[in-house]
Amino acid sequence: MKRVPITLFAVLVLLAVLFCTAAWGIPFTRNDVFWTSFVFSLLALVLEGGLLWGEVRKANMVKAWFFTYPVFYLSLGYLVLQFLSAGVFMTFSTHAPLWAAFFVNVLLLGTYGISLLLTNLGRQEVTRLENRVQQKVRFLRGLRAELESLLPQVEDGELKNVLRKLSELVLYSDPMSSDALRPLEEKIQATVEQLHATVVGGDSSAALALSVQMQELMEQRNRHCLQEK
């Protein structure tokens, strides 16, 4: 995955070299129209390089590049249109008015900038929702981890079977939480803490009673989840 940004950097550098070679090698009339198109084209390449560098610096490269696909296509479209515009205005620089060259280049840059801002807002919203979901499912993950950690400490066969079934109940429960479920989940959490203390203390009968109580609370939580949908 790390080779992808390096390759794209190399492509941008190659494009810059080819563009400058064409701009100075072809006998264009280098007037204000020519320089306007030339400067905006180089600016497009610099912007793409800066954008790419910002994505490379992100810690989660796979996730960063997954979210960057829309940005990549936007950038590609902008570069293609910018180079086409530059080619047209450089070729007809003696006939094209300066205001037209400036207007077209600013229009392309402005459209690209607005599209990037809207795309970034979408990415931020996706990240916010993802973080929200992670916070909501963390409760059941913690419960199951706690129950799984108790199994090796239990010697009573009946209690171990009950804990195993309880762990499966938590596993297949609705992972999404809500504010309405918070009081019930607090009771479940308190019951798990008591269960942990009784298992560590070796009180199998009390642990078995708490396991049954927790099973009832989990089933009550699942019923509430169904009612909310």
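In this text, all values refer to a predicted model and were calculated from it rather than measured experimentally.

Draft legend 1. Quick look at the nonpolar core. The biggest cluster of nonpolar side chains holds 21 residues, and the ones touching the most others in it are L143, L163, I188, L195 and M214. If you list the elements that add at least two residues to this core, you get α4 (98–150), α5 (157–171), α6 (182–201) and α7 (204–228). The residues touching L163, leaving out its near neighbours within four places in the chain, are L147, L150, L151, V154, L195 and S211. In terms of nonpolar packing, the next biggest core, distinct from the first, is built from eight residues, L45, L52, L79 and Y112 among them.

Draft legend 2. Layout of the pattern of salt bridges. Taken as a whole, this structure holds two salt bridges when the rule is applied. Taking the shortest distance from any N to any O, the salt bridge between E185 and R221 comes out at 3.1 Å. Of the two residues, E185 is situated in helix α6 and R221 in helix α7; the sequence distance between them amounts to 36 residues.

Draft legend 3. Fine view of the confidence of the model for the protein. Put simply, the protein has an average pLDDT of 81, and 86% of its residues get 70 or more. Element-level pLDDT for the protein is lowest in helix α3 (residues 61–91), with a mean of 75, against a maximum mean of 86 in α6. In the model, residues 59–67 has pLDDT below 50 throughout and makes 16 contacts with residues more than four positions away in sequence or in other chains.

Draft legend 4. Molecular detail of the environment of L42. Locating L42 in the fold gives a position in helix α2 (residues 32–56). Measuring from C-alpha to C-alpha, the distance between L42 and F19 comes to 8.7 Å, with 23 residues separating the pair along the chain. Those residues within four positions of L42 in sequence are excluded, and the remaining contacts are F19 and C20.

Draft legend 5. Quick look at a nonpolar patch on the surface. A cluster of nonpolar residues, F72, Y73, L76, V80, L81 and L84, forms a patch on the protein surface that exposes about 590 Å² of accessible area. Here L81 is to be found in helix α3.

Draft legend 6. Broad picture of the side chain of Q82. Turning to its location among the elements, Q82 is positioned in helix α3. Of the residues examined, Q82 reaches a relative accessible area of 0% and is grouped as buried. Within the structure, Q82 has its side chain in polar contact with the side chain of S41 (distance 3.3 Å). Apart from the residues lying within four places of it in its own chain, the contact partners of Q82 are S37, F40, S41, A44, N105 and L108.

How each quantity is defined
- In this numbering scheme, every chain counts its residues from 1 along its sequence in written order.
- Residues qualify for local features only when their pLDDT is at least 70, as the model is predicted, and side-chain atom pairs are given and counted only at 80 or more; totals for whole chains, interfaces and linings, by contrast, use all residues.
- In computing side-chain properties, one takes all heavy atoms of the structure into account and sets aside hydrogens as well as water.
- For the purposes of this section, nonpolar cores are sets of buried Ala, Val, Leu, Ile, Met, Phe, Trp, Tyr and Cys residues that join through side-chain atoms within 4.5 Å.
- Here the term buried applies to any residue with accessible area under 20% of the maximum for its type, exposed to any over 50%, and partly exposed to those in between, with areas from a 1.4 Å probe on protein chains only.
- In this description a helix means any DSSP run of H or I spanning at least four residues, a strand means any run of E spanning at least two, and both kinds are numbered starting from the N terminus.
- We call two residues in contact when some of their heavy atoms are within 4.5 Å.
- Salt bridges are identified by distance alone: a Lys or Arg side-chain nitrogen within 4 Å of an Asp or Glu carboxyl oxygen.
- Per-residue confidence from the predictor is given as pLDDT, running between 0 and 100.
- Exposure above 30% relative accessible area and no salt bridge define the residues that can form patches, which grow by joining like charges within 9 Å and nonpolar side chains of Val, Leu, Ile, Met, Phe, Trp and Tyr within 5 Å.
- Values of accessible area rely on a 1.4 Å probe in the Shrake-Rupley scheme; residue burial ignores everything except the protein chains shown.
- Under this definition, polar contacts are N or O atom pairs within 3.5 Å; protein pairs additionally need one hydrogen-donor-capable and one acceptor-capable atom, and for neighbouring residues in sequence, both atoms have to be side-chain atoms.

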